[in-house]
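# Structural features, examined
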Amino acid sequence: MLDDESAIGAWESMVQELLGGIEYPIATVPDGEAALPEDSIYDSSRSYAENKARIDRYRASE
């Protein structure tokens, strides 16, 4: 960003130094054998309106 002489440059260097020593855990997805539902509540392939209608139907059925 900015040179190390500026306050932001010094802050950026300090943050990079601090975060550089952190080991982040690796996320894993457990294996499962359950089948996915045929009509999920949310599906990213649907439009907003279709997802909204499906969520409303789900809430009404509770």
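The text that follows walks through the structure, step by step, so that each part is easy to find.

Calculation criteria
Residues numbered from 1 in each chain as written. Predicted model: local features only at pLDDT ≥ 70, side-chain atom pairs only at ≥ 80, totals over all residues. Heavy atoms only, no water. Helix = DSSP H or I, 4+ residues; strand = E, 2+ residues; numbered from the N terminus. Rg over C-alpha atoms; globule rule 2.2 N^0.38 Å. Buried < 20%, exposed > 50% of the residue type's maximum accessible area, 1.4 Å probe, protein only. Areas by Shrake-Rupley, 256 points an atom, 1.4 Å probe, with all protein chains shown as cover. Lys, Arg positive; Asp, Glu negative; His and termini not counted. Charge placed at Lys NZ, Arg CZ, Asp CG, Glu CD. Polar contact = N/O pair within 3.5 Å; in protein donor to acceptor, adjacent residues only side chain to side chain. Contact = heavy atoms within 4.5 Å. Salt bridge = Lys/Arg side-chain N within 4 Å of Asp/Glu carboxyl O.

## Digging into the overall build of the chain
- Looking only at helices and strands, one finds two helices and zero strands in the chain.
- Expected size for 62 residues packed as a compact globule is a radius of gyration near 11 Å; at 23 Å, the chain overshoots this value by more than 25%.
- Oriented by its inertia axes, the alpha-carbon framework of the chain measures out at about 60 × 30 × 20 Å.
- Relative to its full complement of 62 residues, the chain shows a buried share of 8%.
- Working note: accessible area of the chain is about 6,100 Å², and carbon and sulfur atoms make up 57% of it.
- Of the side-chain charges in the chain, 5 are positive and 14 negative, and the distance between the mean point of each set is 23 Å.

## Side note on the side chain of Arg46
- Its place among the elements puts Arg46 in the loop between helix H1 (7-20) and helix H2 (48-61).
- Within polar-contact distance, the side chain of Arg46 engages the backbone oxygen of Ile41 at 3.3 Å.
- Those residues in contact with Arg46 that lie beyond four places of it in its chain are Asp39, Ser40, Ile41, Asn51 and Arg54.

## Section: the pattern of salt bridges
- Taken as a whole and assessed by the stated rule, the structure comprises one salt bridge.
- The shortest N-O distance in the salt bridge between Asp56 and Lys52 comes to 3.1 Å. Linking Asp56 with Lys52, this pair stays in helix H2, spanning four residues, or about one helical turn.

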